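# Examining the three-dimensional arrangement
Next come the chains, spelled out residue by residue.
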Amino acid sequence: MIYVHVPFCRSFCTYCDFYSERACPTQRWLDEVCAEARARKDEIAAAAAVDTLYFGGGTPSVLPLEFIGRIADACGGRSYREWTVEVNPDDITPEYAAGLRALGVNRVSMGVQSLDDGMLRWMNRRHDSDGARRAFRQLREAGFDNVSVDVIFGVDGMDSRMLEATVRGILDWRPEHISAYQLSVEEGSALGRMSREGRYSDLPDEECSAQYYLVCRLLAEAGYEHYEISNWALPGRRAVHNSAYWTRAPYVGLGPGAHSLGLMDSRPQTRTAQTPGQAAKTAETASDVTAAAAAPAGCRSAANRRSWNSEALSGWTVSREVLSEAEIREEQIMLGLRTEDGVRAELLQGSREGLVPAAVPGCLRIPEERWFVADDIISGLI
């Protein structure tokens, strides 16, 4: 189970606080990620029970196809039970979609977020609704039969009618998987700044709850299984990679900003976090301007919100921690109770209020009608 963090974006979404750089993928970054994959081959082999490769970001679809193939080769090959690449609709062309399939990619996760053009502009997305529809059609024409689509709800200014139109529009496409996330205000995002300046207010909880359960109802009526708080799939099409995170399977994260969960004494209890070098956090310098000017066509919009130079993606620091038995138990509860499969009853101590039997023998779960307040329930159990 391998995750590759691609820290490049052509623009930044209003709500995003993930580590990314407004810069083009470079040969240096490619060489370093490939070298890291080869150096960690033993860790990759130890995490191979879940046979998946996932390119996340950032925006992985800004990568040239050659880069994607070379990274996969460095990880051990191009044949995986599930190989996912996250894409922005604006990056998809018939040639790029066909190229991904030719590499061996067999699953695409596309960030659509909304089919309302005004909302997409507010989010600072690069695509419009027609572009999202076109990109999905091109993925299908390229032979992709496993496509996931992301949607956002709980946005001030997005009413239930707008959300329902988006969900129904996406259901017309019949993707195999749908993820729906409530908007959160992250401190380092543009939205965080807007909130601090009084230019944005959270949508009230009762409205967010109503929108969440609207999504639940629409997807249930369409035949999707609600198998995790934010994820739905057609029967048999759950995300293999993401599902493994919720069971705490070991995984290897490559690149700056990536995390890993490794084995110790045959237990997944060693966590690794990779932090980008200090150069990625400095003020804009002359080298940033030089990097932007030297960027290939299509990336010259790199008038960076976050500064970048040739050192920013190299020399990242690695920190490790060994989780205690108590910390492992807490993670098992927190992650397991996000899913319909729940957690083993013996993990729970004291009150089990709010839980019901899961389909998995010996497990308890939070019922769907209380998933919106799952965090409150979980905090009372750990």
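Residues numbered from 1 in each chain as written. Predicted model: local features only at pLDDT ≥ 70, side-chain atom pairs only at ≥ 80, totals over all residues. Heavy atoms only, no water.

### Section: the overall build of the protein
Of the regular secondary structure elements, the protein holds 13 helices and 15 strands. Every one of the 382 residues in the protein was classed for burial, and the buried ones make up 55%. Of the roughly 16700 Å² of accessible surface on the protein, a fraction of 49% belongs to carbon and sulfur atoms. (Helix = DSSP H or I, 4+ residues; strand = E, 2+ residues; numbered from the N terminus. Buried < 20%, exposed > 50% of the residue type's maximum accessible area, 1.4 Å probe, protein only. Areas by Shrake-Rupley, 256 points an atom, 1.4 Å probe, with all protein chains shown as cover.)

### Quick notes on the state of the cysteines
Per the stated rule, a full pass over the model turns up zero disulfides. The structure places no disulfide on Cys75, whose sulfur is separated from the nearest cysteine sulfur, that of Cys34, by 7.6 Å. (Disulfide = S-S within 2.5 Å.)

### Considering the sheet that holds strand E12 (residues 317-322)
The antiparallel open sheet is built from three strands, whose spatial order is E10-E11-E12. Edge positions in the open sheet fall to strand E10 (259-264) and E12, since each of these has one partner strand only. Across this sheet, the average inter-strand angle for adjacent strands is 30°, counted without regard to direction. Sheet topology note: the E10/strand E11 (residues 267-275) ladder contains six bridges and is antiparallel. Across the sheet, residue Leu263 finds its bridge partner in E11, namely Pro268. The strands touched by helix H12 (residues 325-336) are E11 and E12; relative to E11, the strand with the most contacts, the crossing angle is about 85°. (Pairing = 2+ DSSP bridges. Axes fitted to C-alpha atoms, helices over the stretch in contact; angles between N-to-C directions. Contact = heavy atoms within 4.5 Å.)

### Some words on the sheet that holds strand E9 (residues 252-254)
The strands making up a sheet associate through backbone hydrogen bonding, with each pair oriented either parallel or antiparallel. Ordered by their spatial adjacency, nine strands build an open sheet running E7-E8-E6-E5-E4-E3-E2-E1-E9, and the pairing between neighbours is mixed. Two strands in the sheet have a free side with no partner beyond their single neighbour: strand E7 (225-228) and E9. Sheet twist, expressed as the mean angle between neighbouring strand axes with direction ignored, is 25°. The pairing of strand E3 (residues 82-87) with strand E4 (residues 107-113) spans four bridges and is classified as parallel. Looking at E4, one finds that Thr84 is bridged to Arg107. Each of strand E1 (2-6) and E9 touches helix H1 (residues 27-39); the most contacted strand, E9, lies at about 160° to it.

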